[in-house]
Amino acid sequence: MTMTIKAEKKKSATKLQEQGIKVPVYQTKELNLWYGEKHALKNIDLDINENEVTAIIGPSGCGKSTYIKTLNRMVELVPSVKTSGEILYRDRNIFSSDYQVEELRTRVGMVFQKPNPFPKSIYDNIAYGPRIHGIKNKKILDEIVEKSLRGAAIWDEVKDRLNENAYSISGGQQQRICIARALAIEPDVILMDEPTSALDPISTLKVEELVQELKEDYSIIIVTHNMQQAARISDKTAFFLNGEVIEFDETDAIFSNPSDKRTEDYISGRFG
């Protein structure tokens, strides 16, 4: 997406937001998913709005990661997967035969649970995506690398180490390198699957602060086991249990006045 298109999109979204109209980036309708015979997601209906942080919470095995991996069709890498229903991304069904998965993953970046930089220099990690998309000009690549690292709030820490291997820096820094790598292709949405679970408290705080800044320009969907984290950084929260969405609401409402007893039991630590 060019900066002009991005600026136009932001401008029109801001107008709608000023009128109190939420713009959905994803609309999930009656989504069911099976791993072989196992019914892993059951009748999921969720609208996820742009320029918001949406948290997905729930106990292990409840379908959180499976759901987020359907949003960029990574779940299809599992051979036995079957789906029914629709996921509309910007009003297009991502399961349509004419929707190229490469196009979707260009628009929807992903950050995983454990930092997974490529075994390359910091510079080459960030330049990797733009190069695949045909950008060869060194000056343009330099600009993208700096802009992405600034966007991930790590430029000042690594600007003199760009030619060093990405594995030479700390785990928390590696995770922000992975976020910068996602930003380098100018996505529309960033999916985060437990991005701080392998990090120390200080690095976790930096990533959380970064998420709050990034929602100005991106829509962010974050899976987290950490309920305090969900309460701190998200606008909306979905509580998953046994493959179903039990409750989806403003985060404040979920944590202060949940409408379903199962939600209350989970967030109060009675199970999970």
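These lines cover the structure that appears in this document, whether it is placed above or below. Just so it is clear, the structure is predicted and the values come from calculations on it, not from any experiment. (Residues numbered from 1 in each chain as written. Predicted model: local features only at pLDDT ≥ 70, side-chain atom pairs only at ≥ 80, totals over all residues. Heavy atoms only, no water.)

## Considerations on helix 5 (residues 138–151)
The end-to-end C-alpha separation of helix 5 is 20 Å, in line with the 20 Å expected for 14 residues at 1.5 Å each. Three or more residues of helix 5 are buried, namely Leu 141, Ile 144, Val 145, Ser 148 and Leu 149. The arc that holds the buried residues of helix 5, viewed along the axis, is 120 degrees, so those residues lie on one side. In this structure, the buried side of helix 5 is in contact with helix 4 (122–132), helix 6 (155–158) and helix 7 (171–183). Just downstream of helix 5 lies Ala 153, where phi reads positive at about 55 degrees. (Helix = DSSP H or I, 4+ residues; strand = E, 2+ residues; numbered from the N terminus. Expected span 1.5 Å × (residues − 1). Buried < 20%, exposed > 50% of the residue type's maximum accessible area, 1.4 Å probe, protein only. Arc of directions from axis to C-beta. Contact = heavy atoms within 4.5 Å.)

## Some points on the side chain of Thr 263
Locating Thr 263 in the fold gives a position in helix 11 (residues 261–267). In this structure, Thr 263 is in contact with Phe 239, Ile 246, Glu 247, Ile 254 and Pro 258, ignoring residues within four places of it in sequence.

## Description of the sheet that holds strand 1 (residues 24–35)
Strand order in the open sheet formed by four strands is 2-1-4-5, with antiparallel pairing between adjacent strands. Edge strands, defined here as strands with exactly one partner in the open sheet, are strand 2 (38–49) and strand 5 (92–93). Summarising the sheet, strand 1 and strand 2 pair through eight bridges and their orientation is antiparallel. Pairing of Pro 24 across the sheet is with Asn 49, part of strand 2. (Pairing = 2+ DSSP bridges.)

## What about the nonpolar core?
Ranked by internal contacts, the top residues of the largest apolar core, which has 42 residues, are Leu 149, Ile 179, Ile 190, Met 192, Leu 214 and Ile 220. Broken down by element, this core gets its largest block of residues, five residues, from helix 7. Not counting residues up to four positions away in its chain, the partners in contact with Met 192 are Ile 68, Val 111, Ile 179, Val 211, Ile 220, Ile 221, Ile 222 and Val 223. Ranked by size, the runner-up nonpolar core spans 29 residues in total, among them Leu 31, Ile 68, Ile 221 and Ala 238. (Core = buried A, V, L, I, M, F, W, Y, C linked by side-chain atoms within 4.5 Å.)

## Remarks on unusual backbone geometry
Despite not being glycine, Asn 51 has its phi angle at roughly 55 degrees, a positive value. Looking at where Asn 51 falls in the secondary structure, it is placed in the loop between strand 2 and strand 3 (53–57). When its relative accessible area of 18% is taken as the criterion, Asn 51 is described as buried. Of note in this structure, Arg 73 is not a glycine but carries a positive phi near 60 degrees. Secondary-structure assignment places Arg 73 in the loop between helix 2 (64–70) and strand 4 (81–89).

## Considerations on the sheet that holds strand 7 (residues 189–193)
Across the sheet, which stays open at both edges, the six strands sit in the order 6-7-8-3-9-10 with mixed pairing between neighbours. Of all strands in the sheet, those bounded by a partner on one side alone are strand 6 (108–111) and strand 10 (244–250). The mean angle between the axes of side-by-side strands here comes to 15 degrees, regardless of whether they run parallel or antiparallel. In this structure, strand 7 lies alongside strand 8 (residues 219–223), joined through five bridges in parallel fashion. Bridging across to strand 8, Leu 191 finds its partner in Ile 221. Lying on the sheet, helix 7 is in contact with strand 6 and strand 7; it crosses strand 6 at an angle near 170 degrees. (Axes fitted to C-alpha atoms, helices over the stretch in contact; angles between N-to-C directions.)

## A word on the side chain of Asp 265
Within the element layout of this structure, Asp 265 appears in helix 11. Looking at Asp 265, its side chain comes within polar contact range of the side chain of Arg 270, at 2.7 Å. Non-local contacts of Asp 265, meaning those with residues more than four positions away in its chain, are made with Arg 270 and Phe 271. (Polar contact = N/O pair within 3.5 Å; in protein donor to acceptor, adjacent residues only side chain to side chain.)

## Thoughts on the pattern of salt bridges
Following the criterion strictly, the structure yields 18 salt bridges and no others. For Glu 164, the salt bridge goes to Arg 161, with nearest N and O atoms at 3.0 Å. Under the relative-accessibility criterion, Glu 164 is labelled partly exposed at 32%. Accessibility expressed as a relative area gives 25% for Arg 161, which makes it partly exposed. Counted as one network, the salt bridges with shared partners bring together Lys 22, Glu 52 and Lys 236. (Salt bridge = Lys/Arg side-chain N within 4 Å of Asp/Glu carboxyl O.)

## Brief notes about the packing of helix 5 against helix 7
Where helix 5 meets helix 7, the closest approach of the two axes is 8 Å, and the angle between their N-to-C directions is 125 degrees. In terms of orientation, helix 5 and helix 7 fall into the oblique class. In this structure, helix 5 meets helix 7 at a crossing whose hand is right-handed. Contacts from Ser 148, Leu 149 and Gly 151 of helix 5 reach helix 7 at Ile 177, Ala 180 and Leu 183. (Parallel < 35°, antiparallel > 145°, perpendicular 65-115°, else oblique. Left-handed = near helix turned anticlockwise from the far one by under 90°.)

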